[in-house]
Amino acid sequence: MPEKTSTKTSPKARSGRIRRVQQRQSVFSRTETGLRELVTHPAFVGVLTTAVLLAVVLTASIIAGRSVLGIAVDRISDRTFTVRAPFEREDEARTQRNREIAIAATPRVFLADTAAIEALATEIRRLPQIASEAGSLEELPEEIRTLYKLEAGDLAVLADQIRPTGELAASWSFSVSRLMDALARRPMLASDDRQDAQVTPGRVIEIRFEPPSDGERARVVQVPPIDTLDFGTSDRNALRDRLLTIATDAGFTGPRAELIADRLLSLQRPLFRASREQTIAREQAAAAAVAPEVIKYEPGQIIVRRGEQITGSKLQELSTEQSAYIATMGPWAKASYVGASLVIALGVVVAFGLYLKEYCPRALAKPWRCATLGIMIAVGVSGGLWMSASLPAAMWLGLTLPVMLATMIATVAYDRRLALVLGGSIAVTLGVALALSPAVVAALLAGVAMVTIRLDDVRTRRDVVSASILTGLTLALASAIVSVIDRPIVDDIAREVIVDSVYAGLGGFVSGAILLFMLPVIEYVFDITTGMTLTELRDPKQPLLRLLQQRAPGTYNHSLNVATIAEAAADAIGADGLHLYVGALYHDVGKLNKPGYFVENQSKGQNKHNKLSPAMSVLVIVGHVKDGIELAREYGIPRSLHHYIESHHGTTLVEYFYDQAKKQADADDQIERPSEVEYRYPGPRPRSREAAILMLCDAVESATRAMSEPTPARIRQLVHDMATKRLMDGQFDESNLTLRELNLIEAALVKSLCSVYHGRIAYPSDQKPSKSNETRIASSAAGA
């Protein structure tokens with residue numbers, strides 16, 4: 001008989017199942033709670049808007065960058081380019097040659113001076129009639145005698161052309177007509193026009209006779225340039241001989257031909273002038289009629305080989321092929337292209353956002369901080385694309401300048417880690433957009449790393465200059481190494497490697513120069529104070545410090561001592577010592593308004609609080625914090641230093657006057673017992689390690705100065721007690737200060753205070769030292 005299978009679950013298995021269900025519910029609950037807190041955060045909308053806009057800008061930049069060839073004329077090609085899609089391209093060289101041939105075959109247009117020609121023909125026709133009517137040479141008009149150079153015997157020669165009937169001989173009229181036709185076929189031209197007509201061999205000239213009315217066609221005569229005559233030639237005899245030949249060929253013989261030659265030689269201007277407007281119009285029409293020569297390209301055909309020099313025509317072929325390839329992409333291909341670009345952009349934005357959430361949450365706490373970082377990335381990427389597309393020959397300059405500048409600004413405004421991530425994000429995005437090799441991206445990252453290493457603390461201009469020089473040298477070296485790795489080794493490559501290295505180094509150096517110019521703007525926009533500004537603020541000649549020296553010298557000396565020991569304590573835990581030092585110098589400037597109410601400015605036996613009630617005294621004491629903030633704003637002290645002024649007492653209790661108030665209440669039943677809250681500073685408590693250090697240093701310096709015998713053991717106990725008291729009072733809760741760091745601060749303070757308030761040699765109690773003995777004791781104390 002088979003055994004029955006038990007369907008009951010053991011208690012252990014059931015509890016394990018319940019525990020797993022509860023764990024899943026807990027995870028879901030925490031996730032839901034986290035999402036709810038994220039969505040309801042005041043900065044959520046601003047941060048989300050910045051992220052979306054940045055993703056859109058990066059996507060557009062990647063798409064636009066892929067269409068950038070990034071190739072300059074006369075450079076060596078780094079790779080082989082082949083045809084990806086069939087296309088046709090006009091062969092501009094052959095087309096231009098054909099157009100030049102068409103232009104050369106176009107006649108040059110010359111317009112005939114029809115009125116002058118008709119007037120000349122009429123004059124020559126009437127010449128025999130005028131000669132026959134004149135009885136002698138003197139009776140002829142002076143103009144006729146001069147133009148034809150007539151002599152006495154010429155009258156009879158001309159008069160015989162008149163028939164007895166008084167009509168002109170037909171042969172004379174026929175010769176005049178032939179003469180006008182011959183002048184059109186062998187025209188006299190101005191010297192410049194004739195020279196222009198002979199520039200192109202074989203190009204004829206066209207003589208146009210405008211019709212007398214609109215309905216008629218113009219008469220056109222084409223003449224080879226060689227048959228023209230130079231109207232302005234200096235050899236007048238040679239010109240007369242050619243004119244004599246023309247007259248003879250027209251039918252004039254003997255003296256008559258010479259008279260006609262002399263008349264033509266005496267013309268004041270040519271009968272034909274060049275019409276440049278019509279010539280240019282004919283040339284343009286002829287060039288436009290030429291069909292362009294087309295070159296066909298098939299897929300797989302090589303356009304440029306690796307190591308080949310890129311000429312202007314090759315660059316145009318590559319550009320045309322790029323456009324043809326994009327035009328042949330289908331809708332799905334284009335959608336996939338855009339989608340891939342969007343995914344890459346979102347990856348960069350999400351990765352950067354997660355870094356900010358984990359390591360720099362203060363940048364996400366305020367939307368404007370997040371927006372400035374997004375703008376830096378967007379401007380860095382778009383600026384790099386624009387410079388690379390506009391200046392392909394100086395692509396290294398276009399890549400290094402925006403990347404290094406953005407990294408430098410982030411290093412100064414935030415910290416090195418954030419700057420490294422921001423610069424790396426820009427470099428990687430540019431690498432994807434421009435299809436750069438991994439070696440080029442690595443070179444950019446090397447420059448980013450050098451910036452973050454050398455530009456951590458800007459105290460002087462020399463720091464920026466040295467960081468810029470080292471960054472430029474790093475980029476130049478990295479560019480040379482990349483060129484050796486990636487580029488083909490051909491004859492002319494050495495020059496390009498040197499030029500690229502110079503451009504890369506120039507990008508790093510120019511970035512530093514721009515940073516120096518922009519430092520005041522960076523401080524204002526990001527609400528920071530650079531080391532350079534802090535160095536200026538620690539100068540004792542600053543107006544507010546000078547006022548503090550004059551009106552509250554005791555407070556000024558106290559501030560100097562506090563600044564000295566605070567800087568040492570900050571250095572012990574790796575905090576910002578310079579920032580803390582300057583903050584300590586200004587932390588008590590509020591005592592300027594009522595310096596006599598503070599013990600360090602009081603003489604012995606003079607205490608103004610003796611005339612005030614404890615409640616009034618505490619108002620005066622606590623008021624120096626508010627007064628200090630107002631003075632800091634009035635004198636333009638950077639906002640990053642205001643927190644030292646407002647938090648150096650935190651919410652601590654003014655114990656002396658609180659005890660006085662309690663004693664008065666105990667002595668007089670009519671006086672209400674004081675509330676501890678009324679005798680505390682308004683705060684806020686320190687929100688940084690530096691502010692916490694200042695609070696402790698301010699307290700221990702004053703207490704140590706009041707000690708009668710500040711021995712090392714007593715100082716050590718005092719420092720520990722004061723630190724423990726502030727810690728237990730919750731004053732360090734918002735400062736991110738650890739107990740280990742607090743111990744290091746105590747040790748540094750004890751060392752500094754012992755060196756300042758060390759023991760002195762005392763005089764013997766039973767006698768006063770002599771003058772020589774005082775000198776000896778003082779010398780011993782100085783050497784102790």
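First things first, this report covers the structure right here in the doc. (Residues numbered from 1 in each chain as written. Predicted model: local features only at pLDDT ≥ 70, side-chain atom pairs only at ≥ 80, totals over all residues. Heavy atoms only, no water.)

With that settled, consider unusual backbone geometry. Put simply, Gly683 and Pro684 share a cis peptide bond, and its omega is 10°. Structurally, Pro684 can be placed in the loop between α27 (655–667) and α28 (689–705). Despite not being glycine, Ala435 has its phi angle at roughly 55°, a positive value. Assignment of secondary structure puts Ala435 in the loop between α17 (416–433) and α18 (438–454). Residues other than glycine seldom take positive phi values, yet Asp527 does so here, at roughly 55°. (Helix = DSSP H or I, 4+ residues; strand = E, 2+ residues; numbered from the N terminus.)

Our next topic: empty space enclosed by the protein. Applying the stated criterion across every chain yields a total of one cavity of 30 Å³ or more. The space that makes up the largest cavity amounts to roughly 40 Å³. Around the largest cavity, the lining residues are Leu183, Arg186, Pro187, Met188, Leu271 and Phe272. The class makeup of the residues in the lining of the largest cavity is five nonpolar, no polar and one charged. (1 Å grid on protein atoms, 1.4 Å probe; cavity = no way out; pocket = protein on both sides within 12 Å on 5 of 7 lines; lining within 4 Å. Points joined across faces, edges and corners; volume = space filled by probe spheres on them. Nonpolar A, V, L, I, M, F, W, Y, C, P; charged D, E, K, R; others polar.)

Let us look at the layout of surface pockets. Considered as a void within the structure, the largest pocket measures approximately 1800 Å³ in volume. If you tally residues by element for the lining of the largest pocket, the top one is helix α26 (residues 642–647), at four residues. Of the residues that constitute the lining of the largest pocket, the class distribution is 13 nonpolar, 13 polar and 16 charged.

Another aspect to go through is the pattern of salt bridges. For the coordinates displayed, the defined rule picks out 30 salt bridges. The residue Arg276 makes a salt bridge to Asp196 at a minimum N-O spacing of 3.5 Å. Here Arg276 is found in helix α11 (residues 276–288), whereas its partner Asp196 is found in helix α8 (residues 191–197), with 80 residues between them in sequence. Arg276 sits in the partly exposed class, given a relative accessible area of 47%. Its salt-bridge partner being Arg687, residue Glu646 comes within 3.7 Å of it at the nearest N-O pair. Residue Glu646 is found in helix α26, and its partner Arg687 is found in the loop between α27 and α28; the two are separated by 41 residues along the sequence. Overall, the relative accessible area of 46% leaves Arg687 in the partly exposed class. Each of Arg75, Asp78, Arg487, Glu496 and Asp500 takes part in salt bridges that share partners, so that together they form one network. (Salt bridge = Lys/Arg side-chain N within 4 Å of Asp/Glu carboxyl O. Buried < 20%, exposed > 50% of the residue type's maximum accessible area, 1.4 Å probe, protein only.)

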